[in-house]
Amino acid sequence: MPVEEPHRVVCHLDRLLEERGMTLAALAEAVGVTVVNLSVLKNDRAKAIRFSTLTAVCDVLGCQPGDVLSVEPA
Amino acid sequence: MAGRPSLSSNLWRFDRSDRWGLTALLVLVTAAAALAGVVGPVLDWVAGEPLAVGTVGPVVVPTLDAVGTRYGDGEYDVLLTGAGVGQRLLDLLPGVALTVLVAVGCLLVQRLMRGVAAGDAFDPRNVSRLRGLALLLALGVPVVWFARVTTDLALLSGADLGTGGPGALVEVPWLPMLGGMVLALVAEAFRAGTQLRDDVEGLV
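Right, let's walk through the structure included here. The structure presented is a predicted model; accordingly, all values stated were derived computationally and were not measured. (Residues numbered from 1 in each chain as written. Chains lettered and ligands numbered in written order. Predicted model: local features only at pLDDT ≥ 70, side-chain atom pairs only at ≥ 80, totals over all residues.)

### Some thoughts on the overall build of chain B
Step number 1: Within chain B, the regular secondary structure consists of five helices and two strands.
Step number 2: On C-alpha atoms alone, chain B measures out to a radius of gyration of 24 Å, which is more than a quarter above the 17 Å that the 2.2 N^0.38 rule sets for 204 residues.
Step number 3: Referenced to the eigenvectors of the C-alpha coordinate spread, the extents of chain B come out at roughly 80 × 45 × 30 Å.
Step number 4: The buried share of chain B, reckoned over its 204 residues, is 18%.
Step number 5: By sequence separation, contacts in chain B at least 24 residues apart represent 81% of the contacts at least 6 residues apart. (Helix = DSSP H or I, 4+ residues; strand = E, 2+ residues; numbered from the N terminus. Rg over C-alpha atoms; globule rule 2.2 N^0.38 Å. Buried ≥ 20, exposed ≤ 12 C-beta atoms within 10 Å, placed from the backbone. Contact = placed C-beta atoms within 7 Å.)

Here it is, written out as structure tokens:
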């Protein structure tokens, strides 16, 4: 049964991009998703992320999924 | 495989002319229901025409007796001359109910068509519309049918038909009821589709 409650997953793309001096548009192009979709992810408005997208983001940024996403304490 | 849409897929596409055509058809169907169920009887009433009430009685054709014909029941219109206001209004009730049923059904179809044509088939409101249509067919049509039969029997209860009283054909409208069940099933499929759309929305 799907969980209907709001999630507490926080995306750290902002920090990761800043550390690497990379723009969201460049990441979007490298990953192969639209800037709009990546912006949704960056601003914590995404409800889900495909493993393929997460893999591509991690490959481009040279990090692990745990660096991109974390769960806020309740 | 992605590519240009084939001719057959283009044929199935619901374009503007289809939408206009269906809207015109829905308006015609509603107008026909109103004409047959309300306007016609009211005009007859105003013109002082006798009230025609349907009944069922045995068919007797003496000239066919020689060849041994098996008789059945036939449908007749009994013409009640001098029908009172109460009888006229009672006769109008099933017609009004049917007209309302058809109008609501056509409105639901029109709204459904607009949503689907706009590319938003899995709008949650479409589930309600389909369920409404299913209810109209599965319950509304039999209720109106029952109202028609009981009204006709009530109107003829005082008439001397010489055949042992008025009769009614027990023809339960199975087809609309079956259609209603099928629509309820389609509504359930749309509900699942709506849920899927909600799941996919916000997927990156």
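### Concerning the nonpolar core
Residue and element names in this part refer to chain B.
Step number 1: Ranked by internal contacts, the top residues of the largest apolar core, which has 18 residues, are L130, L133, A134, L137, L183, A187 and F190.
Step number 2: For this core, the elements supplying multiple residues, two or more each, are α3 (85-117), α4 (124-156) and α5 (174-200).
Step number 3: Per-element tally for this core: the top contributor is α4, with eight residues.
Step number 4: Not counting the four nearest positions on each side in its chain, F190 is found in contact with F122, N126, V127 and L130. (Core = buried A, V, L, I, M, F, W, Y, C linked by C-beta atoms within 7 Å.)

### What to know about the interface of chain A and chain B
Step number 1: On the side of chain B, five residues touch chain A, which itself brings twelve residues to the contact.
Step number 2: A per-element tally of the side of chain A that touches chain B places helix α3 (residues 35-42) of chain A first, with three residues.

### Notes on helix α2 (residues 16-47) of chain B
Step number 1: The end-to-end C-alpha distance of α2(B), which contains 32 residues, comes to 43 Å, matching closely the 46 Å that a straight helix rising 1.5 Å per residue would cover.
Step number 2: Immediately downstream of α2(B), the backbone of B:G48 shows phi near 80 degrees, a positive value. (Expected span 1.5 Å × (residues − 1).)

### Points about the packing of helix α2 (residues 24-31) of chain A against helix α4 (residues 51-61) of chain A
Residue and element names in this part refer to chain A.
Step number 1: Here α2 crosses α4 at 120 degrees, and the two axes come no closer than 9 Å. Considering their axes alone, α2 and α4 lie oblique with respect to each other. Seen from above, α2 lies across α4 with right-handed handedness. From α2, L27, A30 and V31 reach across to α4, where they touch T53, A56, V57 and V60.
Step number 2: Residue composition of the contact of α2 with α4, by class: six nonpolar, one polar and no charged. (Axes fitted to C-alpha atoms, helices over the stretch in contact; angles between N-to-C directions. Parallel < 35°, antiparallel > 145°, perpendicular 65-115°, else oblique. Left-handed = near helix turned anticlockwise from the far one by under 90°. Nonpolar A, V, L, I, M, F, W, Y, C, P; charged D, E, K, R; others polar.)

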